[in-house]
Amino acid sequence: MLGASMSNLKAQQSPPPNVAAAADLKFALDEVGAAFTRDTGKTVALTYGSSGNFLRQIQQGAPFQMFLSADEGFVRQLADAGKTIDGGTLYAIGRIVLFAPKNAPFKVDPELKDFRAALADGRVQKFAIANPEHAPYGVAAEQALRSRGLWDAVQPKLVMGENVAQAAQFASSGSTQGGIFAYSLALSQHVGDLGTFVLLPAESHEPLRQRMVLLKGADETTRAFYAYVQKPAARAIFRKYGFVLPGEGS
């Protein structure tokens, strides 16, 4: 009896499992995590960053038990390397916005027409995106700019965020005169209320297919969270933050 009590106490004192999550999930997954704790009494430790950096860290043995990537290709790399339990699950498709802080020198529009003019006449001197070298949302931003023939003109003005949340911070704080970042972040009042934004056409970039996976050694709590993210309550939160969900159209 005493042994069972000590075992229960040890389980209660164990730190929550570490979950690596793409930075575009910051506000949505915080809500999902809080709902998970409310509904189950269990807790996970959410760490946000760029998916490419997490890929490297997990490959090097970082103690994460679950990975929610903004690029499903990174999950497949980990699966091929034998780091995961299986091939994972597609949990969302992301979108990007053009954002202008208050008093910005251009107006937002889905064709980037006024932004193009502002670039040409020097009104825009600093513009934020996530670093395309390791952030999927940075890749999408680059693709959207290239699709409008603006990449060469904007490159000297770029301020690169370490991840998409940092790019959103640069743009919404006025540190830059605008930016392209995740729709999910713009829909948070912490960001969206600080300026104006417009959803960019889905066809302007490759789909941001976001996949999650359990890593080898994932414990019972992490497995429960993985299942919870796929339930209606969690899907409703993702939908609220502008994600297109598996099985649903855009």
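Quantities reported herein were computed from a predicted structural model and do not represent experimental measurements. (Residues numbered from 1 in each chain as written. Predicted model: local features only at pLDDT ≥ 70, side-chain atom pairs only at ≥ 80, totals over all residues. Heavy atoms only, no water.)

So, on to helix α4 (residues 72-80). For α4, the full list of buried residues reads E72, F74, V75 and L78. Across the axial projection of α4, the buried residues extend over an arc of 155 degrees, all falling on one side. Buried positions along α4 lie against α3 (51-59), β3 (66-68), β4 (89-94), α6 (136-147) and β10 (208-214). Two or three places before G73, at the opening of α4, D71 has a side-chain oxygen 2.7 Å from that residue's backbone nitrogen. (Buried < 20%, exposed > 50% of the residue type's maximum accessible area, 1.4 Å probe, protein only. Helix = DSSP H or I, 4+ residues; strand = E, 2+ residues; numbered from the N terminus. Arc of directions from axis to C-beta. Contact = heavy atoms within 4.5 Å. Polar contact = N/O pair within 3.5 Å; in protein donor to acceptor, adjacent residues only side chain to side chain.)

A few words on the layout of surface pockets. Looking at the largest pocket, its volume works out to about 190 Å³. Forming the boundary of the largest pocket are 16 residues, of which D71, P136, V139, P207 and L208 lie nearest the centre. Of all elements in the fold, only α4, α6 and β10 reach the threshold of two or more residues within the lining of the largest pocket. Across the lining of the largest pocket, the residue classes tally to 9 nonpolar, 2 polar and 5 charged. (1 Å grid on protein atoms, 1.4 Å probe; cavity = no way out; pocket = protein on both sides within 12 Å on 5 of 7 lines; lining within 4 Å. Points joined across faces, edges and corners; volume = space filled by probe spheres on them. Nonpolar A, V, L, I, M, F, W, Y, C, P; charged D, E, K, R; others polar.)

A few words on the environment of Q59. For Q59, the location among the structural elements is in helix α3. On the basis of relative accessible area, Q59 is assigned to the partly exposed category, the value being 37%. The spacing of Q59 and L78 is 19 residues in sequence and 7.2 Å in space, taken between C-alpha atoms. Sequence-distant contacts of Q59, that is, excluding residues within four places in its chain, are made with Q77, L78 and K83.

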